[in-house]
Amino acid sequence: MSAPPSLPKRFEAAPAEARWYREWLARGVFHAAADDPRPPYSIVIPPPNVTGSLHLGHALNNTLQDLLCRHERLRGRNVLWMPGTDHAGISTQVVVERELKKEGKTRQDLGREAFVNRVWEWKARYGARIVAQLQALGASCDWERERFTMDPGLSRAVREVFVRLYHEGLIYRSEYLVSWCPRCATVLSDLESPFQPVAGKLYRIRYPLADGDGAIEVETTRPETLLGDTAVAVHPDDARFRHLVGRHVRLPLLGREIPVVADRFVDPEFGTGAVKVTPAHDPNDFECGRRLGLPSINVMNPDATLNANAGPYEGLDVAQARKAVVEDLDRGGLLAGVKDHEHEVPHCDRCETLVQPLLSEQWFMRMKPLAEPALAAVREGRVRFHPKSWENTYYHWMENIRDWAISRQLWWGHRIPAWRCGACSEWTVVADDPERCAHCGSSDLAQETDVLDTWFSSALWPFSTMGWPDDTPELRRFYPTNVLSTAFDIIFFWVARMIMMGLHFMGEVPFREVYIHPLVRDEKGRKMSKSKGIGTDPLDVMAIYGADAMRWTLASLAAQGRDIRFGMETVEGGRAFVTKLWNAARFALLNLGDLDPAAPREPRGLYDRWIRSRLDAALAEAHAALEVYRFNDAASALYQFCWGELCDWYIELAKPALQAADAKQRRATQQTLVEVLSGTLVGLHPFMPFVTEEIFYALPGHDGRLVVEHAYPEPASALDPVETAAMETLLAVIAAVRRVRGELGLPPSLDVHLTLPTAARALLGDHLASIASLTRAAEVRFSDAEPPVEAAVTLAGGFRVQVEVGDKKHLGEERRRLEKALEMLEKDLSFASKKLDNPDFIARAKEAVVAAERTKRERLVAEREALRERLERIVAAQGSSA
RNA sequence: AGGCACGUAGCUCAGUGGGAGAGCACCACCUUGACACGGUGGGGGUCGGCGGUUCAAUCCCGCCCGUGCCUACCA
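Here is what the cut-offs are and how they apply
- Residues numbered from 1 in each chain as written.
- Chains lettered and ligands numbered in written order.
- Predicted model: local features only at pLDDT ≥ 70, side-chain atom pairs only at ≥ 80, totals over all residues.
- Heavy atoms only, no water.
- Core = buried A, V, L, I, M, F, W, Y, C linked by side-chain atoms within 4.5 Å.
- Buried < 20%, exposed > 50% of the residue type's maximum accessible area, 1.4 Å probe, protein only.
- Helix = DSSP H or I, 4+ residues; strand = E, 2+ residues; numbered from the N terminus.
- Contact = heavy atoms within 4.5 Å.
- Near = heavy atom within 4 Å.
- Polar contact = N/O pair within 3.5 Å; in protein donor to acceptor, adjacent residues only side chain to side chain.
- Nonpolar A, V, L, I, M, F, W, Y, C, P; charged D, E, K, R; others polar.
- Right-handed = clockwise from strand over helix to strand, strands pointing away.
- Arc of directions from axis to C-beta.
- Lys, Arg positive; Asp, Glu negative; His and termini not counted.
- Salt bridge = Lys/Arg side-chain N within 4 Å of Asp/Glu carboxyl O.

S.K.: So what exactly am I meant to see when it comes to the nonpolar core here?
M.R.: Core analysis: the biggest nonpolar cluster contains 193 residues, and M365, Y394, F456 and M501 have the highest contact counts within it. Tallying contributions element by element places helix 19 (residues 631–659) first for this core, with 14 residues. When residues no more than four places from it in sequence are discounted, the contact partners of Y394 are A374, L375, V378, F385, I491, A496 and I499. Membership of the second largest hydrophobic core comes to 44 residues, among which are I205, L209, M300 and A321.

If you want it as structure tokens, here you go:
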């Protein structure tokens, strides 16, 4: 590609983005070789679901990861950013089923194989779309290594892990109470069965004692489930019931004798303090039943009608059964009361049907033994969270961890590598499809139809993507990865499980740090959600403002511990900054036409060395901020430098020098412009890769390497204290004069004459032209003569600065200005005096603080005297002229 | 119910034990040869409320009010 001769008036983002991304890929700059000797830096992408396309939350997360990767690349590391996507079992299956429904078909119509093929087609389409979105964003992923959770290699890892854990006794099969949607005829995860408020009733029912008089009363919202009761439970410390524990009650309607048991899950404060226990139809009761070894009686069919265990109520649906049971109880005198009761009940996320807890056989992973080392890893700082407060979330979950139900009744996913023998009913669990039963040798084997929970394969992502279970160069080079950047809501589902699996199978944590990025909300503060249709497509944002502007904006907003409220207009600031940078570069290029890149370096002037030192400071600050994931601080440091120092000051100071007759001075300035602009581009590149590349390529004297192939500049020597003082004074004087102009209402076209005291000559003697240029003064001179009454006087950097316009028209404004300034001074002075007059302050405050306060007071007093004197002169002059 | 955040300028948000900042918006002036997606200057805040610790609190502690989230769900 050829360099544009100069920069066009406007930056055209879209073509530049496409061009540079292509060029990066062509040059292979994102590929990380396992045998590269440079120190490695690695990140695995949180694999987006192939369910749909990415929203701004993904854009944020991937912008930040890209930022880190590009930053580390510029620091000379061998950076691997491992990309890929996740098959997202249930979500993807559901969206494809929805597609099918439009054709009037169900997955059952197609059959498992044909249905799975349909899902693969979907995956191909959306997987490609996601990659396109990431590339549009500028993501510097190593695409040669792109992975998908159902790739053969990753599927092999899944099988290997399942088989090993099974034989270690960490995976088992057991009956469990699952959330079942009777309408969808499928198991739901907790996430898919959100609680919704329901206006129900609380029924108080009398359970007579089996051996003697009296009864225990219990309360329930679902009276029909009493048909499956196998106990009544009370709290072990509840004195009211202690004498009843171990005795039996007679179950109303069915007459079965069931025991009274004690369990701590019972809240003595609620209702009667006694609760019916239905292990087959309530999660709490199920746990209780397990603890106490109670039987489970399932009274419900999968379609939510009652089964034969319900005796006379068989065949009724839940609502009918409730009505019948309540009537019968009432008739039998066992209904002790009914009252309204609002409560929260899980509903199917997709069809709103009331979810029923249902007993079924599932595969489980035993979590305690895996959680212990993972807990220790975070406690001992081998994995660190940013912000650190998320560690509490992690601890809380890990300390209360329960076994993980890993099987799903789905078709899309990793089919469980377990075969049941038709002859002996035993399970054979092996990595490769078996010929015969491991127990009896029979060849009558049938593979488990369930698939694994999606998170099972996601948990292996940091090492399965690098070729595990083989011992690969990639694993040795890039595992553990440096950081995982992700959202807080999957700390349990994903982060914790990766740490457990990484420790168990690799013997090492999967990442040293976890960065939890902010949540992106819409302008109304709502969480972005694909399913609810709330969300902005990053491609839409980039089409309007450009990828760089969007990236910059997102990074600038990524403060620790707070969500991002995102409206389209938010990006306008980012775009303005991109444009500002672009125009600064245009200015430079307009003045670099005659610069011979091979010319020897001229000695630098003060401004040149100053701006260079400011660049170094900004780069250092940005680097320090990025080290601790303070992206907004890094952005802010670079922004302030680029706009507030380079554009506002250096470029303005450089203008006279560029017009100067002195060729050496001109050349020094040109060389500094190139040097500092290049450094700025490198510094900004991680945030805005495209525009920096575009400008960099247009700068003279580059060696054909792109920004992406460069390194951060080594810091130059810093300014000495005298030079620093000169710069600070210079800028303060200019600002002071501008302020006077503004406050007196002097139009920019009006000539002013400036006078500085001769004492300022040492610092400012070389800079009169600059002062004149930046204040639009006709003349700047040194003199200690008493200023004429019509001169405006201000103080800057410890010097008195006179501004003269040549007439007395502004005397009134000047008087008001001085009065206001004096008022402010008095206020500051009284604060300082109040402190210094307090003996406790002198005695107890740090010495430096006291000294600073004294200096401040002295300065304020001197300034006050100077301004008072001026004010008196003006008052006198006005009095005499009136 | 428990836990965790948050409450700072009109808006969106940074920030620190020593009288508070940015961007946008607002006001005034400026079509100056990089840039009006711009320049120069300016106005604007009891830093949610009440107590406490401290020489000093917007910052640390307690309580309260408001908002959001997470976890557990009371059958």
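S.K.: Whenever I open this one, the protein's contact with RNA strand B confuses me. Can you help?
M.R.: The full set close to RNA strand B counts 54 residues, and R10, N284, R562, F831 and R844 are the nearest of them. Near-protein atoms of RNA strand B (within 4 Å) split between backbone and bases, with sugar and phosphate holding 60%. Note that a phosphate oxygen of RNA strand B is positioned 3.4 Å from one of the side-chain N or O atoms of K9. Listing elements by their share of the surface near RNA strand B, those giving two or more residues are strand 8 (215–220), strand 13 (335–346), helix 17 (570–590), helix 19, helix 22 (721–744), helix 25 (811–836) and helix 26 (839–844). Here the surface near RNA strand B takes 9 residues from helix 17, the largest share from any one element. Taken together, the residues that form the surface near RNA strand B break down as 18 nonpolar, 12 polar and 24 charged.

S.K.: Just checking my understanding: could you explain the pairing of strand 1 (residues 40–44) for this structure?
M.R.: Remember that side chains alternate between the two faces of the sheet whenever the strand is regular. With 4 of 5 residues buried, strand 1 is to be regarded as a mostly interior element. Where the polypeptide runs from strand 1 across helix 2 (residues 56–74) and back to strand 2 (residues 78–82), its parallel neighbour, the crossover connection is right-handed.

S.K.: What is the right way to read helix 10 (residues 390–399) from this model?
M.R.: Count 3.6 residues to each turn of an α-helix, and residues three or four apart come out pointing the same way. Along helix 10, the positions that sit buried rather than exposed are E391, Y394, Y395 and M398. Seen end-on, helix 10 carries its buried residues on one side only, within an arc spanning 100 degrees. Every exposed residue of helix 10 that faces more than 90 degrees away from the buried side is listed here: N392 and H396. Each element contacted by the buried residues of helix 10 is listed here: helix 9 (368–379), strand 15 (384–386) and helix 14 (491–506).

S.K.: Is there a simple way to think about the side chain of D548 in this case?
M.R.: Here D548 is to be found in helix 16 (residues 547–557). Despite its burial, D548 remains without a salt bridge, the nearest opposite charge being carried by R551 at 5.0 Å. Of the polar contacts made by the side chain of D548, one reaches the backbone nitrogen of F690; its length is 3.1 Å. With sequence-adjacent residues up to four places away left out, D548 is seen in contact with F11, E17, V578, F687, M688, P689, F690 and V691.

No statement about biological role is implied by the geometric values presented.
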